[in-house]
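Residue-level listing of the chains:
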Amino acid sequence: MPGPQVLFPTFLILTVALLGVDVYTGLKAKLAAHLTFVVITVASLVAAIWFALELGELYDLESAGWITPVHLKLARIATYAYVLPTVSGIMTLRDRKHRKLHFRLAMLTLSLTVLAAVTGAWMILAAQPLPTQP
Ligand code: HEM
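Attention here is on the structure that accompanies the text. This is a predicted model, so every value here is computed, not measured.

### Quick notes on the overall build of the protein chain
Next up, step 1: What the protein chain contains, in helices and strands, is 5 helices and 2 strands.
Next up, step 2: Starting at the N terminus and walking to the C terminus, you meet the elements of the protein chain as α-α-β-α-α-α-β.
Next up, step 3: Projected onto its principal axes, the C-alpha coordinates of the protein chain cover approximately 55 × 35 × 15 Å.
Next up, step 4: When each of the 134 residues of the protein chain is scored for burial, the buried share is 26%.
Next up, step 5: Within the protein chain, counting contacts between residues at least 6 apart in sequence, those at least 24 apart form 73% of the total.

Encoded structure:
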């Protein structure tokens, strides 16, 4: 099985691509596809976070400097932000007048996810790898 060095970027890119599909299906009002892809996106995000934590164990993250606390805070905020499209999405299911609010909160969550991905990649590139154990 490939290591987190391969699995983390794979699931991260997959998550961002799936977010694009969520936006497309939402804008096209393809509700069944939208809800299905949102569930797949969240599963992919959970896998990305799982492998990110495994990848982090291979690096001395503190050696990356200020980007580490900035990324960790952003990643946490981005993860919690998924509550916003979920709650506003349920509100939109009940009454379509909430579409605009849902759209704005979905874009906010998407932007936070991309920011977390960029700062995470930056952090890993700046960190010293730990010596590999035998
Ligand atoms: C990260 C997750 C999500 C993203 C990126 C996203 C994105 C979008 C976007 C861009 C739209 C179009 C809004 C507009 O036309 O102005 C939309 C529509 C919608 N979304 Fe989401 N969404 C997400 C999660 C959810 C969830 C969790 C639900 C429900 C539980 C949901 C339910 C809906 C509904 C009902 C619509 C309206 C579709 C229609 O017009 O018939 N969305 N979404």
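Additional details are given in the paragraphs that follow.
### So, the site of the ligand
Next up, step 1: Around the ligand there are 25 residues in total, and Gly26, Ala29, Gly89, Phe103 and Ala106 lie nearest to it.
Next up, step 2: Sorting the residues of the shell around the ligand by element identifies α1 (4-27), α2 (31-56), α4 (83-94) and α5 (99-126) as the ones contributing at least two each.
Next up, step 3: Top element by residues in the shell around the ligand is α5. It accounts for 7 residues.
Next up, step 4: Looking at the shell around the ligand, its residues break down into 13 nonpolar, 8 polar and 4 charged.

### Examining unusual backbone geometry
Next up, step 1: Notably, Ala29 is not glycine yet its phi reads approximately 55°, a positive angle.
Next up, step 2: A residue is classified by how many C-beta atoms lie within 10 Å of it, and Ala29, with 10 of them, is exposed.

### Some thoughts on α1
Next up, step 1: Taking 1.5 Å per residue, 24 residues should reach 34 Å; α1 reaches 34 Å between its end C-alpha atoms and fits that length.
Next up, step 2: Each element contacted by the buried residues of α1 is listed here: α2 and α5.
Next up, step 3: One or two steps after α1, the chain reaches Ala29, where phi turns positive at roughly 55°.

### Some details on the environment of Asp22
Next up, step 1: Here Asp22 is to be found in helix α1.
Next up, step 2: Considered as a pair, Asp22 and Val39 are 17 residues apart in the sequence and their alpha carbons are 9.7 Å apart.
Next up, step 3: Aside from chain neighbours lying at most four places away, what touches Asp22 is His34, Phe37, Val38 and Thr41.

### Some remarks on the packing of α4 against α5
Next up, step 1: Between α4 and α5, the shortest axis-to-axis distance is 9 Å and the interhelical angle comes to 160°. Classified by the angle their axes make, α4 and α5 are roughly antiparallel. As for the relative orientation of α4 and α5, their crossing is left-handed in sense. The residues of α5 that touch α4, namely those facing Leu84, Pro85, Ser88, Gly89 and Thr92, are Arg99, Leu101, His102, Leu105, Ala106, Leu108 and Thr109.
Next up, step 2: Tallied by class, the residues present in the contact of α4 with α5 amount to 6 nonpolar, 5 polar and 1 charged.

What counts and what doesn't
- Residues numbered from 1 in each chain as written.
- Predicted model: local features only at pLDDT ≥ 70, side-chain atom pairs only at ≥ 80, totals over all residues.
- Helix = DSSP H or I, 4+ residues; strand = E, 2+ residues; numbered from the N terminus.
- Buried ≥ 20, exposed ≤ 12 C-beta atoms within 10 Å, placed from the backbone.
- Contact = placed C-beta atoms within 7 Å.
- Near = placed C-beta within 6 Å.
- Nonpolar A, V, L, I, M, F, W, Y, C, P; charged D, E, K, R; others polar.
- Expected span 1.5 Å × (residues − 1).
- Axes fitted to C-alpha atoms, helices over the stretch in contact; angles between N-to-C directions.
- Parallel < 35°, antiparallel > 145°, perpendicular 65-115°, else oblique.
- Left-handed = near helix turned anticlockwise from the far one by under 90°.

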